[in-house]
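A closer look at the structure
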Amino acid sequence: MKIEFVASASPAEILAVLVHEGRVLSGAGPRLDTATSGALTRAMTASRFTGASNSTLIVAAPAGVDATSILLSGAGEAGKFDDLALESAAGAAYHAVKLSGATVLTIDASHLTADQAARAAFAARLAAYRFLKYRTTLKPEKTPSIETIKIVAADPKAAGAAYADLSAVADAVEFSRDLVSEPANVLYPVEFAKRVKALEKLGLEVEILGEKELEKLGFRTLLAVGMGSVRESQVAIMKWNGGKKGDQPIAFVGKGVCFDTGGISIKPSDGMEEMKWDMGGAAAVAGLMHALAGRKAKVNAVGVLGLVENMPDGAAQRPGDVVMSLSGQSVEILNTDAEGRLVLADCLWYTQERFKPKFMLDLATLTGAMIVALGLEYAGVFSNSDALANNFLAAGPKVGENAWRMPIPAFYERHIDTPIADVKNTGNGRAGGSITAALFLQRFTNGVPWAHIDIAPTAWVKDSRNPTVPDGAVGWGVRTLDRMVADSYES
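As a starting point, this report considers the structure included with it. Just so you know, these numbers come straight off a predicted model, no measurement behind them.

1. Section: the overall build of the chain
For the chain, the helix and strand inventory stands at 14 helices and 20 strands. Relative to the 2.2 N^0.38 estimate, which gives 23 Å for 491 residues, the radius of gyration of the chain is 24 Å and therefore close to what a compact globule would have. Dimensions of the chain, computed from C-alpha atoms along their principal axes, come out at roughly 80 × 50 × 40 Å. Looking at the chain residue by residue over its 491 residues, the buried ones come to 58%. About 19,400 Å² of surface is accessible on the chain, with carbon and sulfur atoms providing 52% of the total.

Encoded structure:
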């Protein structure tokens, strides 16, 4: 999608104007209404369009203006008009005309600040995302025609400058969405690692550990997950050194199970195809590191991705096995479908031991129990640090990503105790499954400030109501993490 910032809307194929609740035209709206002899007001009065959020109305071929059509996009109540309301209006405008046949959409932001004009462009770009890589027979009328978004700004140069960082974040979100959208026969651990390695062009330092290195280091719980697959397991380590030399880094760890059959504890076939996105946590961390490098964030950060494939065959780990982790703790495997925590256990321990970070934050599509607890709109947050949890929870609402803090009571520890090993990889039955999973991970943090974000509910959407979020891969977490870093940790 080509983005341009311009001083004037004329001429325009489709000119979008923001309208607040109560049919209040904003920006160039009143002038355009006068120029069209009240055509915009008449069109609104004759319809159910009131300016409500996510609503649009097209006024075709209005006489008196140099535009083929004017698109009225609802911006909600004027008193509640914030960044998210603007993003919604710009995204809805794109969706209203994406199949129209027009190639250029112009959005009037002449009355807004440079930062807001930039955000309108950002929103339209996120709205335009589609994963069409494998669509070879898509009919032209089903293919989006909009190729260019023009944003009318009071100061186009300032708006363009403000867009630079947002563009880097958009690149990162798209990168993360692409990773999650790919089928597992294309994106397996080695291929995931290759795509991450390619990000060195942004200035990241990327190190890839293969199975020989991982075996030597002692990543045995991670390697145990991948034993049943012909695909080699990998760990990708991404470093961004944008802060002061010697400053303690912040660290992010992602679960990257590129496909999860459940292993010997095999999942039901219904819905198993969705397990291609069981690497959504690793995709989010990779997206964050992409964003930090892209916008040259003033922080030292580390991203560690545990990349495996969980398959059943004669070499796969079995229920009842005992595996020694990198930390030295032994783990009894009761269910091979509780594999993500095994991947994260070794990655968390390695991260705290090697990098001595200020904190560790992991993201994982870890438990179906999280969906039962919170539905499909909220991720769960578990943490041993109020400060870290609060920083994450403060960032989410600013970018429209919801999360809810969950308890990790010490008295639940008994549910993952076992006579044969130091810990077992599932609790006692289904009750509190997300909590016992978090408590398992906490045993591998060595007391470092840590937060676990269970994104099982939010990594993939089937019926999105947000104009800037597609059905399918969301890239959930990239924006929240980037905002958290910018607000709380950049120097």
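2. Notes on the side chain of E182
The residue E182 is located in the loop between helix 5 (156–181) and helix 6 (189–197) in this model. Accessibility expressed as a relative area gives 2% for E182, which makes it buried. Reaching out from E182, the side chain makes a polar contact with the side chain of R195 at a distance of 3.1 Å. Residues contacting E182, with those up to four places away along its chain left out, are F131, K133, Y134, L187, R195 and K276.

3. Re the nonpolar core
Formed by 55 residues in total, the largest nonpolar core has its most connected members in F192, F252, L305, L361 and I453. For this core, the element with the highest residue contribution is helix 9 (residues 280–294), accounting for nine residues. Every residue in contact with I453, bar those within four places of it in the chain, is listed here: L361, D362, L363, A364, A379, G380, V381, F392 and W476. In this structure, F219, V343, A437 and W450 belong to the second largest nonpolar core, which totals 46 residues.

4. A closer look at the sheet that holds strand 11 (residues 300–310)
Here eight strands make up an open sheet; going across it, the order is 8-9-11-10-14-18-15-16 and the pairing mixed. Only two strands of the sheet have a single neighbouring strand rather than two, namely strand 8 (205–209) and strand 16 (403–405). Recorded for the sheet is a direction-independent mean angle of 20° between the axes of neighbouring strands. Relative to strand 11, helix 6 is tilted by about 160°, and along the sheet it contacts strand 8, strand 9 (234–241), strand 10 (250–260) and strand 11. Together, strand 10 and strand 14 (360–364) form the strand contacts of helix 14 (residues 478–488), whose direction differs from that of strand 10 by roughly 175°.

5. Description of the pairing of strand 11
With respect to burial, strand 11 is a largely interior element, eleven of its eleven residues being buried. Covered by surrounding structure in strand 11 are N300, V302, V304, G306, V308 and N310 together with A301, G303, L305, L307 and E309, the residues of both alternating faces. When strand 9 meets strand 11, the two strands line up antiparallel, connected through eight bridges. Bridge pairing in strand 11 links I237 to V304. Here nine bridges tie strand 10 to strand 11, and the two strands are oriented parallel to one another. Looking at strand 11, one finds that V253 is bridged to V304. With helix 9 bridging strand 10 and its parallel neighbour strand 11, the resulting β-α-β unit is right-handed.

6. As for the environment of G210
Tracing the backbone through its elements, the reader meets G210 in the loop between strand 8 and helix 7 (211–217). What makes G210 buried here is its relative accessible area of 8%. Once the C-alpha coordinates of G210 and L86 are considered, the two residues, 124 residues apart in sequence, prove to be 45 Å apart.

7. With respect to unusual backbone geometry
Excluding glycine, most residues fall at negative phi; most peptide bonds, likewise, are trans. Between S10 and P11 the backbone carries a cis peptide bond, its omega angle lying at -10°. The residue P11 is located in the loop between strand 1 (2–6) and strand 2 (12–20) in this model. Even without being a glycine, S37 presents a positive backbone phi close to 60°. Mapped onto the elements, S37 comes out in the loop between helix 1 (29–35) and helix 2 (39–45). If you check the backbone angles, K356 has positive phi at about 45° while not being a glycine. Take K356: it is sitting in the loop between helix 10 (340–355) and strand 14. On the basis of relative accessibility, which here comes to 51%, the residue K356 falls in the exposed class.

What counts as what
Residues numbered from 1 in each chain as written. Predicted model: local features only at pLDDT ≥ 70, side-chain atom pairs only at ≥ 80, totals over all residues. Heavy atoms only, no water. Helix = DSSP H or I, 4+ residues; strand = E, 2+ residues; numbered from the N terminus. Rg over C-alpha atoms; globule rule 2.2 N^0.38 Å. Buried < 20%, exposed > 50% of the residue type's maximum accessible area, 1.4 Å probe, protein only. Areas by Shrake-Rupley, 256 points an atom, 1.4 Å probe, with all protein chains shown as cover. Polar contact = N/O pair within 3.5 Å; in protein donor to acceptor, adjacent residues only side chain to side chain. Contact = heavy atoms within 4.5 Å. Core = buried A, V, L, I, M, F, W, Y, C linked by side-chain atoms within 4.5 Å. Pairing = 2+ DSSP bridges. Axes fitted to C-alpha atoms, helices over the stretch in contact; angles between N-to-C directions. Right-handed = clockwise from strand over helix to strand, strands pointing away.

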